[in-house]
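One-letter residues, chain by chain:
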Amino acid sequence: MLSERRLQVLRAIVQDYVGTEEPVGSKALTERHSLGVSPATVRNDMAALEDEGYIAQPHTSAGRIPTDKGYRLFVDKLAGVKPMTAPERRAIQNFLDGAVDLDDVVARTVRLLAQLTRQVAVVQYPSLTRSTVRHVELLSLAPARVMLVLITDTGRVEQRMVDCPAPFGEASLADLRARLNSRVAGRRFTDVPRLVEDLPEGFDVEDRGTVATVLSTLLETLVEENEERLMIGGTANLTRFGHDFPLTIRPVLEALEEQVVLLKLLGEAGDSGVTVRIGHENAYEGLNSTSVVSVGYGSGGETVAKLGVVGPTRMDYPGTMGAVRAVARYVGQILAES
């Protein structure tokens, strides 16, 4: 365990390096921070931190920079994340409140996160498997053609065309719509198959084939892997950090194009609290020079998806964690109200 003083020196090194982009020397530390000890003591502390792998000396520079291990301890020992200011909170709320539908909510969230953190923002669409049915609408397009519209509690809308085996009248369609919603509205997707399995038996024999076809389409819609959708934005922000990527930015850009990689990264975020993966803690090699800050979002205590940012390890962790957490909270409120 590090002594409190050495932890204070490490904190000062991380803050200075994040702020100045320059390796940090003992003289600068004692001038900028009231550490209450002499430069010689700070030098000894820095030597000990280096021996233990918390800081390192880049090339021939006299200063030191934090390692992944140093950043990890810094994050683990954070007293708290940086709260958003009142104007920032108002700006977030006003921007997200203007969204017209779920796609717009996700698109605005990505833009907002990228602007607030100046990193790459990644937002996963709400998972259908964790959702509940708000309403199922059935619209007659032709005597034997029906449009099925599924609306979820998160505001997601899925539309499917159903070709019926026989003509189906308006009265029968209205009857099916009423009976279907009485069973599934407000229920979790995972419960729906059990709730509708005997529904066709309550209809006339000549209509049962059509009812079964509509139900089959509904169930297919429920099980499709719709949670595998995400939106990414702010990739251009990485070009500002060229010197933070030891060789080239290319492996990072290639990793960001791999949806499976990003979904896995977001999947590591806990349902409560912000998750931070630093440097080599990221299993994907292309992201070894980055940090990923992520969190779950949802409504009513239920996490429906994840969001986060990807940036260099030289990151303002308290500020980034505060922004990610605040945005997730506002998106959850919007989903709850929608």
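Everything numeric in this text was worked out from a predicted model, so none of it was measured. (Residues numbered from 1 in each chain as written. Predicted model: local features only at pLDDT ≥ 70, side-chain atom pairs only at ≥ 80, totals over all residues. Heavy atoms only, no water.)

Draft legend 1. Structural detail: the overall build of the chain. The number of helices and strands found in the chain is 12 helices and 10 strands. Computed over the C-alpha atoms, the radius of gyration of the chain is 26 Å, more than 25% above the 20 Å expected from 2.2 N^0.38 for a compact globule of 338 residues. Taken along the three principal axes of its C-alpha coordinates, the chain extends 90 × 40 × 35 Å. The 338 residues of the chain split such that 48% are buried. Once local pairs closer than 6 in sequence are excluded, the contacts in the chain between residues at least 24 apart make up 60%. Per element, the accessible surface of the chain, about 15,900 Å² overall, is 50% carbon and sulfur. (Helix = DSSP H or I, 4+ residues; strand = E, 2+ residues; numbered from the N terminus. Rg over C-alpha atoms; globule rule 2.2 N^0.38 Å. Buried < 20%, exposed > 50% of the residue type's maximum accessible area, 1.4 Å probe, protein only. Contact = heavy atoms within 4.5 Å. Areas by Shrake-Rupley, 256 points an atom, 1.4 Å probe, with all protein chains shown as cover.)

Draft legend 2. Geometry of the environment of Ile232. Relative to the assigned elements, Ile232 resides in strand E7 (residues 230–233). Expressed as a C-alpha distance, the spacing of Ile232 and Val106, which sit 126 residues apart in the sequence, is 9.6 Å. Not counting chain neighbours up to four residues away, the residues in contact with Ile232 comprise Val110, Val120, Ala121, Val122, Leu256 and Leu262.

Draft legend 3. Expanded view of the packing of aromatic side chains. Inspection of every chain in the model, using the stated rule, returns one aromatic pair. Between Tyr71 and Tyr317, the ring centres sit 5.6 Å apart and the planes meet at 50°, which makes this aromatic pair tilted. With Tyr71 in helix H4 (residues 68–76) and Tyr317 in helix H12 (residues 317–337), this pair connects stretches of sequence that are 246 residues apart. For the pair formed by Tyr71 and Tyr317, the shared burial category is buried. Over the ring of Phe95 we find Arg108, and its NZ or CZ is 5.2 Å from the ring centre. (Phe/Tyr/Trp six-rings, centres within 6.5 Å; stacked < 30°, edge-to-face > 60°. Lys NZ or Arg CZ within 6 Å of the ring centre and 35° of its normal.)

Draft legend 4. Seen up close, the pairing of strand E3 (residues 120–124). Extensive coverage of E3 is indicated by the burial of five of its five residues. Going residue by residue along E3, you find Val120, Val122 and Gln124 tucked away on one face and Ala121 and Val123 tucked away on the opposite face as well. For E3 and strand E10 (residues 302–312), the ladder comprises four bridges, and the chain directions are antiparallel. From the neighbouring strand, Val122 faces E10, where its bridge partner is Gly308. The pairing of E3 with E7 spans four bridges and is classified as antiparallel. Considered in E7, the bridge of Val123 is made with Met231. (Pairing = 2+ DSSP bridges.)

Draft legend 5. Fine view of the packing of helix H5 (residues 86–97) against helix H6 (residues 102–117). Across the interface, H5 lies against H6 with an axial gap of 9 Å and an inter-helix angle of 155°. One way to sum up the angle between H5 and H6 is to call them roughly antiparallel. For the element pair H5 and H6, the recorded crossing hand is right-handed. Contacts from Ile92, Phe95 and Leu96 of H5 reach H6 at Val105, Arg108, Thr109, Arg111, Leu112 and Leu116. The residue makeup of the contact of H5 with H6, split by class, is six nonpolar, one polar and two charged. (Axes fitted to C-alpha atoms, helices over the stretch in contact; angles between N-to-C directions. Parallel < 35°, antiparallel > 145°, perpendicular 65-115°, else oblique. Left-handed = near helix turned anticlockwise from the far one by under 90°. Nonpolar A, V, L, I, M, F, W, Y, C, P; charged D, E, K, R; others polar.)

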